[in-house]
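Here is what each chain is made of, one letter per residue.
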Amino acid sequence: MTKAVLLEDPHEMADEVFSNYDIDVERIKGSLDEDALIERLQDADIVGIRSKTQVSSKVIENCPRLKALGCFCIGTNQVDLKAATRHGVAVFNAPYSNTRSVVELAIGHIINLARQVETRNQDLQRGIWNKSASGSHEVRGKTLGIIGYGNIGTQLSVLAEAMGMNVVFYDCAQRLAMGNARAQASMDQVLKTADFVSIHVDGRRSNAGLIGRRQFDQMKEGVIFINLSRGHVVDVDALADNIRSGKIAGAAVDVYPEEPEKNGNKFHSPLLGLPNTILTPHIGGSTLEAQFDIGQFVAHKIADYWRLGTTEISVNLPNLNLHAHKDSLYRLAFLHTNTPGVLGRVNQVFANQDVNINGQILGTEGQVGYALTDIASQLPVSAVAEIRSMPETIALRVLSVS
């Protein structure tokens, strides 16, 4: 029986998908440390995690049965992808499934902070009636500056423009502007002109400290600042100082350099108690709709890989999908070092033993190659053993497609 271990409680839709493919699921409510994770995965073929569980090279090297890893979230920086590739573990995630949820939260923050809803709410909760237009603004006609114009940034751009905002953006990659949004040549140009600044970059190491004191100095007086991306991207001490000084008129933060390991733990931040500041516990993608989509999407990708060797949207293997011919009996999923002539030698092994190939596809990426080969005849055990013993072989799986 194929076994999947799911940590950190991804949506139960994942269990339903896996059960349809005869994959047995064991759930663990929270995350595990390195040694505990190794012990728990000794009999696991598949592991599913969210953002807290760290899958290090040590974990991968000491779990020889592991063949697939699903990140039921956007990022994969909690996984040692190089080690996963070396050991033939395919890694999947859900890069787009919570986009709408994050964008809607950003839109809500833009309006709430512009109207000082958080401050007015706190006053009224204390019994203070403070009906005033002072410091409150419409967002129509204001300029939204987006740093990071990927899936979330572009969708935020569209919705903000629909509310009458002007949108400028900067991305380190060349991006096609949506609607009337305007790309800027540098991040500084965005920061200097925007009334609202919203950060939507990924978690790569080079983005650490992207927004610090120099960048806050570039911003307009009275700017509103939003970070729903990654905690290490923003210098929170510098942000707190600029909120206290009034340079930043309002801020919303959902991610932090250090976050509690689990619900109920104490949270510490220099941003606590600051005026017109909205702090949320990393819930940008935490809607029932997003978690449903993530659970279903990642589970389906892993199940397709397990059953057919399909690697579409895998973050560490070449992305391949081979349509099985009606006469196919077996499929070989062959991961190997990217060396010229390897596939030719594999096919020679088949030819020498009169094995009939009726479908084949190869993809290479960096130092690895991945091939799917469909067989329309019986597959000799000796042929499989010969390919498995090749020095270039990283992993070989024989799948039944009949």
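Computed from a predicted structure; not experimentally measured.

**Remarks on the packing of aromatic side chains**
Here comes step 1: Going through the model one piece at a time under the given rule, you end up with four aromatic pairs.
Here comes step 2: When the ring of Phe92 is compared with that of Tyr305, the centres are 5.8 Å apart and the planes differ by 55°; the resulting orientation is tilted. Highlighted residues: Phe92 in strand β5 (residues 90-92) and Tyr305 in helix α11 (residues 288-308), separated in sequence by 213 residues. Assigned by exposure class, Phe92 and Tyr305 land together as buried.
Here comes step 3: A ring pair is formed by Tyr256 and Phe267, whose centres lie 4.8 Å apart and whose planes are at 65°; its orientation type is edge-to-face. Taken together, the residues Tyr256 in the loop between β11 (248-253) and β12 (277-279) and Phe267 in the loop between β11 and β12 connect sequence positions eleven residues apart.
Here comes step 4: Above the ring of Tyr305, the side-chain terminus of Arg397 is found at 4.7 Å from the ring centroid.
Here comes step 5: Over the face of the ring belonging to Trp306 we find Arg397, whose NZ or CZ atom lies 4.7 Å from the ring centre.

**Some points on the pairing of strand β3 (residues 46-49)**
Here comes step 1: Neither face of β3 is left uncovered, since the one carrying Ile46 and Gly48 and the one carrying Val47 and Ile49 both have all their residues buried.
Here comes step 2: Relative to β3, strand β1 (residues 2-7) runs parallel, the two being bridged by three bridges. Looking across to β3, one finds that Val5 is bridged to Val47.
Here comes step 3: Taken together, the four bridges between β3 and strand β4 (residues 68-71) define a ladder with parallel strand orientation. Paired with Val47 across the two strands is Leu69, which belongs to β4.

**Considering the layout of surface pockets**
Here comes step 1: What the second largest pocket holds in volume is close to 330 Å³.
Here comes step 2: What lines the second largest pocket is Leu81, Lys82, Thr85, Arg86, Val315, Asn316, Thr337, Glu365, Gly366, Gln367, Val368 and Ile394.
Here comes step 3: A breakdown of the residues in the lining of the second largest pocket according to their chemical character gives four nonpolar, five polar and three charged.

Quick notes on the rules
- Residues numbered from 1 in each chain as written.
- Predicted model: local features only at pLDDT ≥ 70, side-chain atom pairs only at ≥ 80, totals over all residues.
- Heavy atoms only, no water.
- Phe/Tyr/Trp six-rings, centres within 6.5 Å; stacked < 30°, edge-to-face > 60°.
- Helix = DSSP H or I, 4+ residues; strand = E, 2+ residues; numbered from the N terminus.
- Buried < 20%, exposed > 50% of the residue type's maximum accessible area, 1.4 Å probe, protein only.
- Lys NZ or Arg CZ within 6 Å of the ring centre and 35° of its normal.
- Pairing = 2+ DSSP bridges.
- 1 Å grid on protein atoms, 1.4 Å probe; cavity = no way out; pocket = protein on both sides within 12 Å on 5 of 7 lines; lining within 4 Å.
- Points joined across faces, edges and corners; volume = space filled by probe spheres on them.
- Nonpolar A, V, L, I, M, F, W, Y, C, P; charged D, E, K, R; others polar.

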